[in-house]
Amino acid sequence: MNTHDIYRELGLSEKVIELGEKYENELRQRFEEIDRVAEYNQLKIIKAMQKARVSEASFNGSTGYGYNDEGRESLEEVYASVFHTESALVRPQITCGTHALAVALAANLRPGDELLSPVGKPYDTLENVIGIVPATGSLKEYGVTYSQVDLKSDGSFDFDGIRAAINEKTRLVTIQRSKGYQTRPTLSVKRIGELISFIKGIKPDITVMVDNCYGEFVETVEPSDVGADMVVGSLIKNPGGGLVATGGYIAGTRDCIEKCAYRLTCPGLGKEVGATLGVTRSMFQGLFLAPVVTAGALKGAIFAARIYEDLGFEVVPNGTESRHDIIQAVTLRSPERLIAFCKGIQAAAPVDSYVTPEPWAMPGYNCDVIMAAGAFVQGSSIELSADGPLEEPYAVYFQGGLTWYHAKLGILRSLEELYARKLL
Ligand SMILES: *Cc1c(COP(=O)(O)O)cnc(C)c1O
């Protein structure tokens, strides 16, 4: 049996297999560029691990208080080195990206301070954290105010608006790198750097935090290379390389990270406690694999963008523009297509391939949402996954793919589903 035959057995028609080949060939040069970024980041990570003298003993976990956990300390040294920061906090006790961001914010803001987002509305889950919507324990309840300056309609920064928003209370600025589930463009590290310079030019002692979710290792530089005081993310996204079962990271200045540690654990204890229970190896190994995994996910996103834009659908980002995160949106314009697309992604999964995703009511949404994921780690969005709300314009957001081959199969399987139902 050859590759073609296995594709047939996995449910692809001749037509779709051929289409896949055509686009893969067309994208070779683009894929080479992605591989070069992955190569650079791979070397950066190996260098950091060598410098920290990672050894077999680094994989020993701790229990109880977790005092003197050398593996944990070494892992945090590696993260600091990779992100070119003075310090880092990398913990399984950080439950998700939102938690990491909440810790970083609460740790570095005090009553009477103001938080500013100069890039529009932050990720949905932060609305509760900040208190944009009323929520128990929000920053607002602790007397931290919030102000926001939206991007201009062409996606550029509203420099005048930002200058006007910065006042004597402004203590921390939050910048979200990825568009998340909005339609604005994702910010390149270069643009983030320009924004940070502008802000620090007005008020040098402002702390800048970047929500780095989905952006890690997509470029050769990170926001911490261009002036961010903290970069924050989830270990079930890019930097976990698909191997990490839970956790988050914050890398930044010694002062910021110390405050984060006192917030995550408690005053007086900080970084000194936190048992790792045997997960350290996966965090090292996941980070080691992360550049290649991120590259696979990126190739999948571009592959899908090219195919669906040629079929006449609106895709964000488009098939040729430069990429700064791994999320791909495709506007499918009908509920039938959205459902079929998700069914195809599910059918191509290594786990739960036999289940059929159905639209369902979800907290926080005013309409049903459909989700496809067959993942080794629950909710892991570095693994191939797709979802979309059942409302106009019926856009599907998809991301991930631990390997390019799986991302390719998933995208072609979704295409097959659309052809089979005569939706194209
Ligand atoms: C995923 C994500 C988060 C955090 O989400 P969690 O589901 O809590 O990990 C925050 N911001 C952005 C831009 C994200 O993509």
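About the cut-offs
Residues numbered from 1 in each chain as written. Predicted model: local features only at pLDDT ≥ 70, side-chain atom pairs only at ≥ 80, totals over all residues. Heavy atoms only, no water. Helix = DSSP H or I, 4+ residues; strand = E, 2+ residues; numbered from the N terminus. Buried < 20%, exposed > 50% of the residue type's maximum accessible area, 1.4 Å probe, protein only. Domains from an automatic or database assignment. Contact = heavy atoms within 4.5 Å. Buried area = accessible area lost by both parts, 1.4 Å probe. Salt bridge = Lys/Arg side-chain N within 4 Å of Asp/Glu carboxyl O. Pairing = 2+ DSSP bridges. 1 Å grid on protein atoms, 1.4 Å probe; cavity = no way out; pocket = protein on both sides within 12 Å on 5 of 7 lines; lining within 4 Å. Points joined across faces, edges and corners; volume = space filled by probe spheres on them. Nonpolar A, V, L, I, M, F, W, Y, C, P; charged D, E, K, R; others polar. Near = heavy atom within 4 Å. Polar contact = N/O pair within 3.5 Å; in protein donor to acceptor, adjacent residues only side chain to side chain. Areas by Shrake-Rupley, 256 points an atom, 1.4 Å probe, with all protein chains shown as cover. Expected span 1.5 Å × (residues − 1). Axes fitted to C-alpha atoms, helices over the stretch in contact; angles between N-to-C directions.

What to know about the side chain of Ser81
For step 1, the next point in the chain: By the secondary structure assignment, Ser81 is in helix 4 (residues 70-82).
For step 2, the next point in the chain: Taking the relative accessible area as the measure of exposure, Ser81 reaches 17% and is therefore buried.

Some points on the domain arrangement of the protein chain
Many structure descriptions define interface size as the accessible area lost when the parts assemble.
For step 1, the next point in the chain: You can read the domains of the protein chain as domain 1 (3-42 + 288-420) and domain 2 (60-277).
For step 2, the next point in the chain: With 25 residues of domain 1 at the contact, the number on the domain 2 side is 25 residues.
For step 3, the next point in the chain: Summing both partners gives a buried area of about 2,200 Å² for domain 1 against domain 2, and 64% of it is carried by carbon and sulfur.
For step 4, the next point in the chain: Summed over the three residues of domain 1 that lose the most area to domain 2, namely His324, Asp325 and Ile327, the buried surface amounts to 26% of that side.

A look at the pattern of salt bridges
For step 1, the next point in the chain: Across all of its chains, the model carries 21 salt bridges by this definition.
For step 2, the next point in the chain: In this structure, Lys169 engages Glu114 in a salt bridge whose closest nitrogen and oxygen atoms are separated by 4.0 Å. With a gap of 55 residues between them, Lys169 in the loop between helix 7 (159-165) and strand 4 (170-176) and Glu114 in strand 2 (residues 114-117) connect regions that are remote in the sequence.
For step 3, the next point in the chain: With a relative accessible area of 10%, Glu114 lands in the buried category.
For step 4, the next point in the chain: The partner of Glu127 in a salt bridge is Lys121, and the shortest N-O contact between them spans 2.8 Å.
For step 5, the next point in the chain: Each of Glu26, Arg306, Glu309 and Asp310 takes part in salt bridges that share partners, so that together they form one network.

Examining the pairing of strand 6 (residues 230-234)
For step 1, the next point in the chain: The buried count for strand 6 comes to 5 of 5 residues, which makes it a mostly enclosed element.
For step 2, the next point in the chain: In strand 6, alternate side chains face the same way, and those of Met230, Val232 and Ser234 on one face and Val231 and Gly233 on the other are all buried.
For step 3, the next point in the chain: Bridge count between strand 5 (residues 207-211) and strand 6: 3 bridges; the pairing is parallel. Bridge pairing links Asp211 to Val232 in strand 6.
For step 4, the next point in the chain: Pairing of strand 6 with strand 7 (residues 248-252) involves 5 bridges; the strand directions are antiparallel.

A look at the layout of surface pockets
Any space left empty among the atoms is revealed by the rolling of a water-sized probe across them.
For step 1, the next point in the chain: Roughly 390 Å³ of volume is contained in the second largest pocket.
For step 2, the next point in the chain: Every residue lining the second largest pocket is counted, 19 residues in all, and those nearest its centre are Ala106, Ala107, Leu109, Leu139 and Arg263.
For step 3, the next point in the chain: Looking at the lining of the second largest pocket, the elements with two or more residues in it are helix 5 (97-108), helix 6 (126-130) and helix 9 (254-264).
For step 4, the next point in the chain: Here the lining of the second largest pocket takes 4 residues from helix 5, the largest share from any one element.
For step 5, the next point in the chain: Among the residues forming the lining of the second largest pocket, the class breakdown is 12 nonpolar, 4 polar and 3 charged.

Quick look at the site of the ligand
For step 1, the next point in the chain: Taken together, Cys96, Gly97, Thr98, Leu101, Tyr123, Gln176, Asp211, Cys213, Tyr214 and Lys237 form the complete shell of residues around the ligand.
For step 2, the next point in the chain: Thr98 has a polar side-chain atom sitting 2.5 Å from an oxygen atom of the ligand.
For step 3, the next point in the chain: Contact between the ligand and Lys237: an oxygen atom at 3.0 Å from a side-chain N or O atom of the residue.
For step 4, the next point in the chain: Contact with the protein chains covers 88% of the free accessible surface of the ligand, which is 380 Å².
For step 5, the next point in the chain: Broken down by class, the residue content of the shell around the ligand amounts to 5 nonpolar, 3 polar and 2 charged.

Section: helix 12 (residues 404-420)
For step 1, the next point in the chain: Here helix 12 contains 17 residues, and its C-alpha end-to-end distance of 24 Å stays within 8% of the 24 Å for a straight helix at 1.5 Å per residue.
For step 2, the next point in the chain: Among the 17 residues in helix 12, 15 count as buried, and that is most of the element.
For step 3, the next point in the chain: Following helix 12 by one or two positions, Lys422 has its phi on the positive side, about 55 degrees.

Topic: the sheet that holds strand 1 (residues 87-91)
For step 1, the next point in the chain: Strand order in this open sheet of 7 strands is 1-7-6-5-4-2-3, and the pairing throughout is mixed. Single-partner strands in this sheet number two, and they are strand 1 and strand 3 (145-148). Pairwise comparison of adjacent strand axes, ignoring direction, gives a mean angle of 20 degrees for this sheet.
For step 2, the next point in the chain: Helix 4 rests against strand 1 and strand 7 of the sheet, and its axis sits at about 125 degrees to strand 1.
For step 3, the next point in the chain: Where helix 5 meets the sheet, its contacts fall on strand 2, strand 4, strand 5, strand 6 and strand 7, and the angle it forms with strand 6 comes to roughly 155 degrees.

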